[in-house]
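Fold and contact review
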Amino acid sequence: MAFVGLPLAALMWEATSEGTQSFWDAVSSPEAVAALKLTLAASLGVSLLNAVLGTITAWVLIRDEFRGKVIVNAIIDLPFALPTIVAGLTLLALYGPTSPVGIDVAFSRTAIVLALMFVTLPFVVRTVQPVLQELDLEVEEAAHSLGASQTRTFVRVILPNILPGILSGVALAFAKAVGEFGSLVIITGNIPFQTEVSSVHIFGRIESGDSAGAAAVATVLLGISFLTLLSIGAIRHYATRHDR
Amino acid sequence: MRRLLSRLGLRTIALGYLAVILVGPLAIVFWRTFQDASAAWDALTTPETIHAFKLTLIITAIAVPVNTVFGIVCALAIVRKRFWGKGLLNAFIDLPLALSPVVVGLSLFLLYGENGWFGGWLNEHGIQVLFALPSMVIATIFVSLPFVAREVVPTLREVGDEQEQAAFTLGASGWQTFWKVTLPSIRWAVIYGVILTTARCLGEYGAVAVVSGRLQGQTETATLRVQERWEAFDVAGAYAISIVLAMIAILVLVAMTAIRPKEERA
């Protein structure tokens, strides 16, 4: 615990070492605010995309049958296994200036969304999959034979069961997206006020020797991470309420 | 009929999504690299690149065993013991997963740096931590800390402690019980965790970028080398190193797929 706690204590110490005023100045500087807004907006958007696409993917992997499903299931974990810097590079190869399909999103905000979608892809799929696996197919069929439409079956029967899974997956994806760095450095161009997210902003401040400013913005990110973890704990607590 | 259509529709969405985000980009890099394989080979065999891969392997070889032992101990403490601050330990162990690698790097930078809490003492004794191997190892251990514990905790819960109690009653020491009873029952979870940890260590970028100082041929790991080659407009070089890292990632996926059913059975 000291191994994790001490560095973080040093971080908060440095952030406030020059008084609360300079902490506030660093956090509320226009560049820092722009970066934080972009980070939160992009992370939120990507988390919501994940909620929909991740749930569909999990459903297909559990309820559908097709050839090569084992391989598809394995590929889901690719973002966990692939270094983030390589992820950024590969996305730029397909969606950059030398794109063979004529799509160039390099150095734009679309690139940020794309990179974040890549690195957060597994979270919702992997939290929904086991719940869906446990959920009895008979319940769905019962709802269906009682005359419920497909949409109604999904909303009234499946969704309530998998919702905690979706939410904790979304929260994990959000935490990952807020802190993401490696996949963004190559593809976004790191243009202040346009494509510079908070983690890149912090890195820039470290490079220019402003460690107090970097620590101040980093403390804000630390707070967001901590809140996200707390909410995951709360979701888990709620989801297992019948087991206790 | 409508059910079949919607099933096919969902399948198309899911597979299309994976193709556009994951498979497509990686396939392009593979294709481009192997178009000129000799250039890729030349890029891989430069002394700086070889040094970068060696450094990555050294860091991984230190970080993975440390995290494996730490992860098992933590998991045992969380599941089997009752102590003050257990909830806190539980929260702390997940923190590296939710934290930005840059924030981790900066925290270590501030702790071990010249004006940091430990920096002064280390400096007086001539121990170089920042911009050298020790800080890079510490950063890598930090970001890959939770994986083994997170895999082992649920398995340990599921296995229960009856067998351990039985071994204990039959006169086995705590150590014997651990080696002969506990470890065999959690071994697949441990191996799974070790694979995830290894992948994370090999691919670490953000935290190491902050603490290493990125000195070419000295503190440059494979992932840092990708970035450096890219910025030097050596696309072939960046692709070649990326391909090696991607192949390792694919091996990791194969291993994960092979082990997952075993873990579920155990």
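Residues numbered from 1 in each chain as written. Chains lettered and ligands numbered in written order. Predicted model: local features only at pLDDT ≥ 70, side-chain atom pairs only at ≥ 80, totals over all residues.

Concerning the overall build of chain B
Filter applied, for reference: Helix numbering and strand numbering both begin at the N terminus, where a helix is a DSSP run of H or I of at least 4 residues and a strand a DSSP run of E of at least 2. Any residue whose C-beta has 12 or fewer other C-beta atoms within 10 Å is treated as exposed, any with 20 or more as buried, and any in between as partly exposed, C-beta atoms being built from the backbone. Any residue pair is listed as a contact if its two C-beta atoms, each placed from the backbone, are within 7 Å.
Looking only at helices and strands, one finds 13 helices and zero strands in chain B. For chain B, the C-alpha atoms occupy an extent of roughly 75 × 65 × 30 Å along the three principal directions. Here chain B, with 266 residues, has 44% of them falling under the buried criterion. Across chain B, the fraction of contacts at a sequence separation of at least 24, relative to all contacts at a separation of at least 6, is 77%.

Concerning the interface of chain A and chain B
Taken together, the contact pairs 59 residues of chain A with 60 residues of chain B. Broken down by element, the residue count for the side of chain A that touches chain B peaks at nine residues, all from helix 12 (residues 211-239) of chain A.

Things to note about unusual backbone geometry
All names here are of chain B. With phi around 60°, Phe131 is a residue other than glycine that occupies positive phi space. Exposure remark for Phe131: the 18 C-beta atoms within 10 Å place this residue in the partly exposed category. Positive phi, close to 60°, is recorded for Phe233, a residue that is not glycine.

Concerning the nonpolar core
The following threshold applies: Nonpolar cores are built from buried Ala, Val, Leu, Ile, Met, Phe, Trp, Tyr and Cys residues. These are joined into a set through C-beta atoms within 7 Å.
Membership of the largest hydrophobic core comes to 154 residues, with the highest contact counts inside it found for A:Leu89, A:Ala115, A:Phe118, A:Ala218, B:Leu106 and B:Ala139. For this core, the element with the most residues is helix 7 (residues 109-134) of chain A, which contributes 13 residues. Those residues in contact with B:Leu106 that sit more than four places away from it in its chain are A:Leu11, A:Ile202, A:Ile206, A:Ala214, A:Ala215, A:Ala218 and B:Val210.

As for the confidence of the model for chain B
Do not read the fine detail of predicted coordinates wherever pLDDT is low. Keep this limit in mind: Values of pLDDT, ranging from 0 to 100, describe the predictor's confidence in every residue of the model.
Here chain B averages 90 in pLDDT, and 98% of its residues register 70 or above. For this predicted complex, the interface confidence reaches an ipTM of 0.92, while the overall pTM sits at 0.93.

Thoughts on the packing of helix 6 (residues 84-95) of chain A against helix 1 (residues 2-35) of chain B
So the rule is basically this: Axes, fitted as lines to C-alpha atoms, cover a helix only where it is in contact. Angles between the N-to-C directions of the axes lie from 0 to 180 degrees. Roughly parallel means an angle under 35 degrees; roughly antiparallel means over 145; roughly perpendicular covers 65 to 115; every other angle is labelled oblique. Charged residues are taken to be Asp, Glu, Lys and Arg, nonpolar residues to be Ala, Val, Leu, Ile, Met, Phe, Trp, Tyr, Cys and Pro, and polar residues to be all remaining types, Gly included.
The contact between helix 6 of chain A and helix 1 of chain B brings their axes to 8 Å, and the two run at 85°. Accordingly, the angle class assigned to the pair helix 6 of chain A and helix 1 of chain B is roughly perpendicular. Facing helix 6 of chain A, whose interface residues are A:Leu89, A:Thr90, A:Leu91, A:Ala93 and A:Leu94, helix 1 of chain B presents B:Gly24, B:Pro25, B:Leu26, B:Ile28, B:Val29 and B:Arg32. Looking at the contact of helix 6 of chain A with helix 1 of chain B, its residues break down into eight nonpolar, two polar and one charged.

Quick look at the environment of A:Gly179
Residue and element names in this part refer to chain A. Position of Gly179 among the secondary structure elements: in helix 9 (residues 150-179). Exposure remark for Gly179: the 27 C-beta atoms within 10 Å place this residue in the buried category. Counting along the chain gives 97 residues from Gly179 to Leu82, while the straight-line C-alpha distance between them is 17 Å.

Observations concerning the environment of A:Arg126
Residues and elements named next belong to chain A. Topologically, Arg126 is positioned in helix 7. Since 17 C-beta atoms lie within 10 Å of it, Arg126 is described here as partly exposed. Each C-alpha atom of the pair Arg126 and Val185 lies 27 Å from the other, and the pair is 59 residues apart in sequence.

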